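A closer look at the structure
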Amino acid sequence: MSHRLPQSPARRQVNRLGPLRVALIYCAAALAWIVVSDLAADELFHESLNVQLFKGAAFVGITAAVLYGLLRANERRADDLMLRLRESAENSRDGFWQWDLKRDVITVTPGGDRDLGWEAAKTIASKAGWGDVVHPDDWPVVEAALEPVVAGRRREFMVDHRVHAIDGGWIWYRVRGQVTETDRDGGPSVVSGTYTNVDGLKRRELALQRSNRALDSIVAVNRAGLAAHDRDSLLEGVCRALASAEDYVLVWVGVAEEGGEKRVRAIASSGTASDFLRQVRIEWGRGPYGDGPTGRALRKGAPEVVDDARVVDHCQPWREDLARYEIRSTIAIPFNDGDRKCVLHIDSREAEAFSMDEATAYQALAQDLARALGVFSTRESYEQRLAQALRGTVAALAVTVEKRDPYTGGHQNRVGELAVEIAQEMDVSPHLIEGIRLGAAMHDIGKIGVPVEILTKPGKLDEGEMALVRRHPDIGYDIVKEIDFGWPVAEIVRQHHERVDGSGYPQGLKADAIALEARIVAVADVIESMATHRPYRPALPLSVVEEELRKGRGVRYDADVVDAALRVLRHATLEPKIGQSILADAS
């Protein structure tokens, strides 16, 4: 296929005639004019015909020679210019193209052949041939740019896309085009334009975008770290922060388990492809399930990057799942959490999503994560010792109260166990459950201010005695309100006798004005009180307790708490595991 550069009409006309033929035609026309004009002059003015013809012929000859010389020199300059232009086009990384829309024929100059390693003109001969060499992710973008031009709604377009090179890589080109010829109806018939190698520019641009993305991710991770209150919230916060990037479909942290299979267990994750982790088996030992980026990173102790999981052999065991969850590229960064080997895994829907700069940034982030986990481990160890001491202090206070009332010994502890079971049944967070445990364990601490003879009175209390008993929530609140437990323990102590219809005491609070923790402890307190022995009555049957809960559901007691308590009691009847003394007394 020829790749001559376009020529102007005047230039094509000169090429068809040639300088010599132009000069000869000029001579013939000039001589004819001289003969005719001299004959006319001889008739009119009687001048010598021979003299006139000689002078005219001499003038024509001289001017013809000058004309031939000028035309020949101009032809040599034009040929030289065309040669240089042709050489420049052939050696350039850019070129020209033309698309005959009616015949679907594309003509391309060979400007990109040197970079691509194949002859563009022989491959890109039609629109289908163009599509065959464009990156699959970019072709929809190209078609979207061409459609309004082909449809006649626009005159020009510009689009950037990748073209495959013979070495298997991809090179970015910027293609510009405009309608250069139209048909009889004014519709486009020929589109012409240029293509320019912009690979270096695009790669620098993408590297800058990815560096900015990594920087934004690190800032988001730092914010998550500041908001975290324990190891689990730190890991989940880091995963959420990283997964907020537009192209990241899955971010997860895994821990390398010791043992025969050497499994990698996910301990935190976030992203639209989180279900991927439930579908796949990932290991870090030698073998097909340990030869992926996760296993390699953990074994080498260095980041592992996969540019396109669709074409990498060691991703074969997960290829179908990777395609289903749109995971194209991934980076796995190992780090140590104390004695445990861990990995931070980031998956993107884009191929070649992770540059070296990003890999370096995320490696530093993983090390920061390891240090933060170490800080939380130290803090949690201290907090565990502090919490243990606090629980010991609370238990000592509870024992002090219960020693004044031997008939209710162990009551607060049993209420605490039952309240925790109810809270777990309601899917209350572990953090709140710990506060419920503490509040329940000392909910009656205010009874330290009630005379012993009233607490141990075997008969029914009169109004004055009941008024003294009903003061114990406020007394307990005054005792603990200045202590910062980290949970609303003082409110639990004060509100555990409140009822959702406002019939409780000491404040007569209603519904959501009562803390959830207090509503849970209130129901647990009722169950334990009814189902255990008292000085003034024996333990009531469990059926009576359940009937009281049903009658008071949504009236005196929170409906959701009652539902959870009934389920707990039903489970405990079949599998005694909580408040065994309660069930024993109630049977």
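What comes next concerns the included structure. A quick note: this is a predicted structure, and the numbers were derived from the prediction, not measured.

Structural notes on the side chain of Thr 294
Within the fold, Thr 294 resides in helix α11 (residues 293-300). Setting aside its immediate chain neighbours within four residues, Thr 294 contacts Trp 252, Val 264, Ile 282, Ala 332, Val 343 and His 345.

Examining the pairing of strand β2 (residues 105-108)
Of the two faces of β2, only one is covered, namely that formed by Ile 106 and Val 108; the face formed by Val 105 and Thr 107 stays uncovered. As paired strands, strand β1 (residues 95-100) and β2 are joined by four bridges and run antiparallel to one another. If you follow Gln 98 over to β2, its bridge partner there is Thr 107. Hairpin connection of β1 to β2: four residues between the antiparallel strands, including Asp 104 at a positive phi of 50°.

A few points about the packing of helix α8 (residues 199-227) against helix α9 (residues 231-243)
Each pair of packed helices can be summarised by the angle the axes make with each other and by the distance between the axes. Contact geometry of α8 with α9 gives a least axis separation of 8 Å together with a crossing angle of 155°. What the angle tells us is that α8 and α9 run roughly antiparallel. Crossing hand, α8 versus α9: right-handed. Facing α8, whose interface residues are Ser 217, Ala 220, Val 221, Ala 224 and Gly 225, α9 presents Leu 234, Gly 237, Val 238, Ala 241 and Leu 242.

As for the sheet that holds β1
Reading across the sheet, the five strands line up as β2-β1-β5-β4-β3 and stay open at both edges, with antiparallel pairing between neighbours. The open sheet has two edge strands, β2 and β3 (156-164), and neither has a second partner. Between one strand axis and the next, the sheet turns through 25° on average, direction left out of account. Pairing of β3 with strand β4 (residues 170-182), which is carried by nine bridges, proceeds in the antiparallel orientation. Bridge assignment links Phe 157 to a residue of β4, and that residue is Gly 177.

Details of α8
Taking 1.5 Å per residue, 29 residues should reach 42 Å; α8 reaches 42 Å between its end C-alpha atoms and fits that length. Asp 199, Lys 202, Arg 210, Arg 213, Ala 214, Ser 217, Val 221 and Ala 224 are the residues of α8 that are buried.

Side note on the sheet that holds strand β9 (residues 329-337)
A sheet is described by the order of its strands in space; here five strands give the open sequence β7-β6-β10-β9-β8, paired in antiparallel fashion. The outermost strands of the open sheet, each flanked by one partner alone, are β7 (264-270) and β8 (304-306). Ignoring strand direction, the axes of neighbouring strands in this sheet form an average angle of 20°. Bridging between strand β6 (residues 248-256) and β7 involves six bridges; their strand directions are antiparallel. Within β7, the residue paired with Gly 254 across the bridge is Ala 266. Packed on one face of the sheet, α9 meets β6, β7, β9 and β10 (340-348) and runs near 65° to β7.

Some thoughts on empty space enclosed by the protein
One pass over the structure, following the stated rule, counts six cavities of 30 Å³ or more. Its boundaries defined by the atoms lining it, the largest cavity holds a volume of some 200 Å³. Forming the boundary of the largest cavity are 14 residues, of which Val 108, Ile 124, Trp 130, Val 175 and Tyr 195 lie nearest the centre. Elements that contribute at least two residues to the lining of the largest cavity include exactly β2, α6 (127-133), β3 and β4.

Comments concerning the nonpolar core
Residues Leu 242, Val 251, Phe 335, Leu 344, Ile 346 and Tyr 362 are the most contacted members of the largest nonpolar core, which totals 34 residues. Mapped onto this core, the elements with two or more residues apiece are α8, α9, β6, β9, β10 and α13 (356-403). Sorting elements by how many residues they give to this core places α13 first, with nine residues. In this structure, Ile 433, Ile 492, Leu 542 and Leu 569 belong to the second largest nonpolar core, which totals 30 residues.

Thresholds applied
Residues numbered from 1 in each chain as written. Predicted model: local features only at pLDDT ≥ 70, side-chain atom pairs only at ≥ 80, totals over all residues. Heavy atoms only, no water. Helix = DSSP H or I, 4+ residues; strand = E, 2+ residues; numbered from the N terminus. Contact = heavy atoms within 4.5 Å. Buried < 20%, exposed > 50% of the residue type's maximum accessible area, 1.4 Å probe, protein only. Pairing = 2+ DSSP bridges. Axes fitted to C-alpha atoms, helices over the stretch in contact; angles between N-to-C directions. Parallel < 35°, antiparallel > 145°, perpendicular 65-115°, else oblique. Left-handed = near helix turned anticlockwise from the far one by under 90°. Expected span 1.5 Å × (residues − 1). 1 Å grid on protein atoms, 1.4 Å probe; cavity = no way out; pocket = protein on both sides within 12 Å on 5 of 7 lines; lining within 4 Å. Points joined across faces, edges and corners; volume = space filled by probe spheres on them. Core = buried A, V, L, I, M, F, W, Y, C linked by side-chain atoms within 4.5 Å.

As far as function goes, none of this settles anything; it's purely spatial.
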